[in-house]
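The chain contents come next:
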Amino acid sequence: FRRFRLFCTSKNNVERSRVLVDAFQTISMARCAERNFLTDAIPISTMKRILSLTQMAPSSFNIQPYKVVLVQSSEAKTLLSTCMLGYNAEKVLAAPITAVFVADKGSI
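Remember, predicted model here, so these are calculated numbers, not experimental data.

Reading guide: rules and limits
Residues numbered from 1 in each chain as written. Predicted model: local features only at pLDDT ≥ 70, side-chain atom pairs only at ≥ 80, totals over all residues. Heavy atoms only, no water. Helix = DSSP H or I, 4+ residues; strand = E, 2+ residues; numbered from the N terminus. Contact = heavy atoms within 4.5 Å. Areas by Shrake-Rupley, 256 points an atom, 1.4 Å probe, with all protein chains shown as cover. Buried < 20%, exposed > 50% of the residue type's maximum accessible area, 1.4 Å probe, protein only. 1 Å grid on protein atoms, 1.4 Å probe; cavity = no way out; pocket = protein on both sides within 12 Å on 5 of 7 lines; lining within 4 Å. Points joined across faces, edges and corners; volume = space filled by probe spheres on them. Nonpolar A, V, L, I, M, F, W, Y, C, P; charged D, E, K, R; others polar. Salt bridge = Lys/Arg side-chain N within 4 Å of Asp/Glu carboxyl O.

Draft legend 1. Spotlight on the overall build of the protein. Summing up its helical and strand segments, the protein has 5 helices and 2 strands in all. Mapped in sequence order, the helices and strands of the protein form the string α-α-α-β-α-α-β. Contacts in the protein between residues at least 24 apart in sequence constitute 60% of all its contacts with a sequence separation of at least 6. Carbon together with sulfur atoms contributes 62% to the accessible area of the protein, which is approximately 9200 Å² in total.

Put into structure tokens, the structure is as follows:
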């Protein structure tokens, strides 16, 4: 957040704002909902990087009031799948890893 603020308050605000909007548009337009996933194992370094990036997502008061539980063992996936609706149970069982974001409302 601090880097973004410094970026926006420095020289050439108009050009830099255009670059940021263009970048945001590219990301927004490229996103899509996936219904099929690979079953290949995901390297722990990749998971760490993804989780690190989630901490940079904007939120109220710049806090991330959640914990992330990575579900990877067959036993844990079986238990988690019983909580899923519809086809999501099958997806949890087939996935190499499932990230569960648990809101911690007490930390707000």
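Still more ground to cover, so stick around.
Draft legend 2. Spatial organisation of the environment of Val92. With respect to the helices and strands, the residue Val92 is situated in helix α5 (residues 88–94). Taking relative accessible area as the criterion, Val92 reaches 5% and is therefore assigned buried. A sequence separation of 14 residues divides Val92 from Thr78, and the C-alpha atoms of the two residues are 8.0 Å apart. What Val92 contacts, discounting residues up to four positions off in sequence, is Lys77, Leu80, Ser81, Met84 and Thr98.

Draft legend 3. Up close: the layout of surface pockets. Here the second largest pocket is characterised by a volume of approximately 260 Å³. Around the second largest pocket, the lining is made up of 14 residues, and of these Arg35, Phe37, Lys91, Val92 and Ala95 lie nearest the centre. Looking at which element gives the most residues to the lining of the second largest pocket, the answer is α5, with 4 residues. Among the residues making up the lining of the second largest pocket, the classes are represented as 7 nonpolar, 4 polar and 3 charged.

Draft legend 4. Fine view of the pattern of salt bridges. Under the defined criterion, the tally for this structure stands at 2 salt bridges. Put simply, Arg18 and Glu15 hold a salt bridge, and the shortest N to O gap is 2.6 Å. Residue Arg18 and its partner Glu15 are located together in helix α2 (residues 13–30), separated by 3 residues, close to a single helical turn. The partly exposed category is assigned to Arg18, whose relative accessible area is 42%.

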